[in-house]
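Structure at a glance
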2 protein chains.
Amino acid sequence: MATERARRPEQLRVVRERKPLPHYSFTCPFCPGNEHLAPPEVWRSPGQQGEWLVRVIPNKFSALARGGQPTWNIRGSYRTINAVGIHDVIVETPDHALTTALLDHDQVFRVLRCYLERFRNVISDPRVVHVTIFKNHGADAGTSLEHPHSQLIATPVVSSHVRNRLHEAMRYHDEYGTCVFCDVMHQEISDATRIVDATEHFVALEPFESASPFSTYIYPRRHMASFGESLPVELEDLATVLRNVLAKLYWGLDDPAFNYSIRTSPIENTGVKYYHWYVSIIPRLTRIAGFELGSGMFINTVLPEEAAEFLRKVDVATMEKTAANK
Amino acid sequence: MATERARRPEQLRVVRERKPLPHYSFTCPFCPGNEHLAPPEVWRSPGQQGEWLVRVIPNKFSALARGGQPTWNIRGSYRTINAVGIHDVIVETPDHALTTALLDHDQVFRVLRCYLERFRNVISDPRVVHVTIFKNHGADAGTSLEHPHSQLIATPVVSSHVRNRLHEAMRYHDEYGTCVFCDVMHQEISDATRIVDATEHFVALEPFESASPFSTYIYPRRHMASFGESLPVELEDLATVLRNVLAKLYWGLDDPAFNYSIRTSPIENTGVKYYHWYVSIIPRLTRIAGFELGSGMFINTVLPEEAAEFLRKVDVATMEKTAANK
């Protein structure tokens, strides 16, 4: 935390001219009526009269080949595996003009139910050992497609990054007999200064070790290693919290670019006592540079306590009402 | 490597309008004559008649407090240390209009000698346990200052990222009795497909595991854990290689934004057999998104073999001559 460089949270507000998006775009492969522009559908949440509310299609520019078996290749110090697996696009709404923060609660719940159904479906593929569900919003977050969508990538390997996180959590559990994520969540609830939102089943907070401004984690209160263990009542509640956090970012920081991802355990670690899944939301307000790339340390100019206070104060209901009356 | 999404290296060439920079800017704190706009100088490579050729000043917006002792604070699961240490800016040339790729060999050598002298100086501070020397070039690489400059940050902690890298290298050494970096370098020299440049003392290559297009590493051939162990003859040679690689990126990809950093061992690991310092150059041609942030895996659309071939073919001397005749 570079307090000598500290900036008020609102100084990171993105001020820019924005033109409203159309509700339908003729060239958008995700808009209703343009389904022929995308690969054949693999899942849908049906609407009325043959329409869809949420729709899943294979990514046209897939990072992984859908067919084939994973094969390790070892030569000297180098190991490779061919990139097979599943790469889905989840179209979150038929409306081109919306963004996740502006979807109503039922629609966010449909999207989360879609995540869970697809998650449970793809892990029945024996090649799949890990699943990442994520969303890129805005050009600074790595997407050029406006239509609200998220993605699911199911891989035949666990990255060393995920393994390290698991390993550290396992060591903590062996040492203290508890889940480090549960311990952190309880400490945060008692500290209260970094909490953004708290409901019956979830806690949204700015992590103590925030690497960048407004990084937000959403933890389930109930200990679960895998997102796949979630109950319907928990998903309902997550829809409320996720929508609220995204709306606070949207209204408070003027629709910043962001990425979110569900950080769940590898499939074989489902049910373990030492790991705990969570949603990580990273607004892309600053850029990592040579120091971060070289040292692995991150300079953050906004204290998580100030970011949390700022987000707590964003009154989503009033902002929505004012916008609707315009 | 997403070969299904693969792009030809030249497709990442940045095409943009650029206006030539002035040789002197009235408001630039790094231009000669404006020294009063920056904090007092801590080092210089003297030129003629009281002028300077390379100059080091404390960073005006330092990430670390220069004074004070590092103090650990432990509360529950949280540990902090106050951010004390050294944060220098190295002004690489008096000429505002240049960029590292366009400096002549002697000037690049002066800059590298400055790195080494500052490195040796700051490690005499007992608070310093690790030093990162790095450069940000271009807005996409996190800098807004045009005047060619690099930075040095000396910290009172080693990051878990650096520790993990060391730990893996140590395990490899314990297992095989050799330095993993030396082994990789020798395998690369024998494969030849990913080599960009090779001189008496250094090898520049696109790493087998390139996480992003045109990531380039420069390894010293002689085994050394710390940059601080470099000999003058090696620095002379590094000036040639570093300048050549940066010029190939500059002319081949039209002056892309990039970060470089010297990835050296922590001070206390100077001289160890298992670690090997190197320069990492990361052009900022693509952006990491939700999948990378969530999974710790990186999708690269340019094969390192194709990037290496592309860079080998960039004829810097001819490009420079053509530009000079314009």
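Along each chain, residues carry numbers from 1 onward, in the same order as the chain's sequence is written. Each chain gets a letter, beginning with A, and each ligand a number, beginning with 1, in the order they are written. Local features in this predicted model are restricted to residues whose pLDDT is 70 or higher, and side-chain atom pairs enter the listing and the counts only when it is 80 or higher, whereas totals over whole chains, interfaces and linings include all residues.

Below, the discussion takes up the overall build of chain A. Working definition: helices are DSSP H or I runs of at least four residues, strands are E runs of at least two. Numbering for both runs from the N terminus. Scanning chain A from terminus to terminus reveals seven helices and 12 strands. Relative to the globule expectation of 20 Å for 326 residues, the C-alpha radius of gyration of chain A, 20 Å, shows essentially globular dimensions. Taken along its principal axes, the extent of the C-alpha atoms in chain A is 55 × 50 × 40 Å. For every residue, the other C-beta atoms within 10 Å of its own C-beta are counted; 20 or more classify it as buried, 12 or fewer as exposed, and values in between as partly exposed. C-beta atoms are placed from the backbone. Looking at the 326 residues of chain A, the share that counts as buried comes to 44%. Sequence-distant contacts, at least 24 apart, represent 71% of the contacts inside chain A between residues at least 6 apart. Atoms considered for the radius of gyration are the C-alpha atoms alone. The globule rule reads 2.2 Å times the number of residues to the power 0.38. Once C-beta atoms are placed from the backbone, any two residues with those atoms within 7 Å are in contact.

Okay, the interface of chain A and chain B next. Contacts between chain A and chain B engage 47 residues on the former and 48 residues on the latter. Among the secondary structure elements, those contributing two or more residues to the side of chain A that touches chain B are β6 (130–137), β7 (149–155), α2 (160–176), α3 (180–191), β11 (258–263), β12 (278–283) and α5 (290–295) of chain A. A breakdown of the residues in the side of chain A that touches chain B according to their chemical character gives 21 nonpolar, 20 polar and six charged. Residues are grouped as follows: Ala, Val, Leu, Ile, Met, Phe, Trp, Tyr, Cys and Pro are nonpolar; Asp, Glu, Lys and Arg are charged; every other residue, Gly included, is polar.

Right, let's get into the relation of the copies chain A and chain B. For these two chains of identical sequence, chain A goes onto chain B by a turn of 180° and a shift of 0.0 Å along the axis, with RMSD 0.0 Å. The operation mapping one copy onto its partner corresponds to a two-fold rotation axis. No C-alpha of chain A approaches the rotation axis more nearly than that of N164(A), which lies at 4.6 Å. Same-surface contact between copies: 100% of interface residues of chain A are shared with the interface of chain B. Alignment of copies: least-squares fit on C-alpha atoms of residues with pLDDT of at least 70 in both copies.

Residues and elements named next belong to chain B. Turning to its location among the elements, F258 is positioned in strand β11 (residues 258–263). For F258 and W277, which are 19 residues apart along the polypeptide, the C-alpha to C-alpha distance reads 20 Å. Setting aside its immediate chain neighbours within four residues, F258 contacts H137, G138, A141, L249, I281, I282, P283 and R284.

This next bit is on the sheet that holds β11(B). Residues and elements named next belong to chain B. Any two strands with at least two DSSP bridges between them are considered paired. Across the sheet, 10 strands lie side by side as β1-β2-β5-β7-β6-β11-β12-β10-β9-β8; this open sheet has antiparallel pairing. Of all the strands in the sheet, just β1 (43–46) and β8 (195–198) have a single pairing partner and so form its edges. Taken pair by pair, the neighbouring strands of this sheet meet at an average axis angle of 15°, ignoring direction. Pairing of strand β10 (residues 216–220) with strand β12 (residues 278–283), which is carried by three bridges, proceeds in the antiparallel orientation. Every axis in this analysis is a line fitted to C-alpha atoms, fitted for helices over the stretch in contact. Angles between the N-to-C directions lie between 0 and 180 degrees.

Regular strands place side chains that alternate from one sheet face to the opposite one. Residue and element names in this part refer to chain A. Among the seven residues that make up β7, seven are buried, leaving the element largely enclosed by the rest of the structure. Every second residue of β7 is oriented toward a common face, with H149, Q151, I153 and T155 on one face and S150, L152 and A154 on the other, all of them buried. Pairing of strand β5 (residues 86–91) with β7 involves six bridges; the strand directions are antiparallel. Among the inter-strand pairings, V89 is bridged to a residue of β7, identified as Q151. Inspection of the sheet shows β6 paired to β7 by five bridges, in the antiparallel sense. Looking at the pairing, I133 lines up with L152 of β7.

This paragraph deals with the nonpolar core. As used here, a nonpolar core is made of buried Ala, Val, Leu, Ile, Met, Phe, Trp, Tyr and Cys residues. They are joined through C-beta atoms within 7 Å. Counting 82 residues, the largest nonpolar core has I218(B), L242(B) and V245(B) as its most contacted members. Here this core gets 10 residues from one element, more than from any other, and that element is helix α4 (residues 232–253) of chain B. Leave out the neighbours within four places in its chain, and L242(B) touches V108(B), I218(B) and V279(B). Counting residues in each nonpolar core, the second largest holds 81 residues, with I90(A), C114(A), Y250(A) and L253(A) among its members.

Let us now look at the pairing of β12(B). All names here are of chain B. Along β12, five of the six residues are buried, which leaves the element largely enclosed by surrounding structure. Across six bridges, β11 lies against β12 in antiparallel orientation. Note on β12: the bridge partner recorded for I262 is V279.

The next subject is helix α6 (residues 304–313) of chain A. Every α-helical turn comprises 3.6 residues, leaving residues that sit three or four positions apart pointing alike. All names here are of chain A. Buried within α6 are the following residues: P304, A307, A308, F310 and L311. Considered in projection along α6, the buried side chains sweep an arc of 160° and stay on one side of the axis. Along its buried surface, α6 packs onto β8 (195–198), β9 (202–205) and α4 (232–252). Each C-beta atom gives one direction from the helix axis, and the arc is the one those directions make.

Glancing now at the packing of helix α1 (residues 105–122) of chain B against α4(B). Residues and elements named next belong to chain B. Packing of α1 against α4 brings their axes to within 9 Å, and their N-to-C directions diverge by 120°. It follows from the interaxial angle that α1 and α4 lie oblique. In this structure, the crossing between α1 and α4 has a hand that is right-handed. Across the interface between the two elements, H105, V108, F109, L112, R113 and L116 of α1 pack against L235, E236, L238, A239, T240, L242 and R243 of α4. Grouping the amino acids of the contact of α1 with α4 by side-chain chemistry returns eight nonpolar, two polar and three charged. Roughly parallel covers angles under 35 degrees, roughly antiparallel covers those over 145, roughly perpendicular covers 65 to 115, and oblique covers all other angles. Here a crossing is taken to be left-handed if its near helix is turned anticlockwise relative to the far helix by less than a right angle, and right-handed if that turn runs clockwise.

A few words on the sheet that holds strand β2 (residues 52–58) of chain A. All names here are of chain A. Ordered in space as β1-β2-β5-β7-β6-β11-β12-β10-β9-β8, the 10 strands form an open sheet in which the pairing is antiparallel. Each edge of the sheet is formed by a strand with only one pairing partner; in this case those strands are β1 (43–46) and β8. Geometrically, the sheet is characterised by an average inter-axis angle of 15° between neighbouring strands, direction not taken into account. Of the strands in this sheet, β8, β9, β10 (216–220) and β12 are in contact with α3, which crosses β9 at around 70°.

Below, the discussion takes up unusual backbone geometry. Residues and elements named next belong to chain B. In this structure, Q49 is a non-glycine residue whose phi angle is positive, near 50°. Within the secondary structure, Q49 is located in the loop between β1 and β2 (52–58). Here F214, not a glycine, exhibits a phi torsion of approximately 70°, which is positive. Relative to the assigned elements, F214 resides in the loop between β9 (202–205) and β10. F214 gets classed as buried once you count the C-beta atoms within 10 Å, which come to 29.

These figures capture arrangement, not role.
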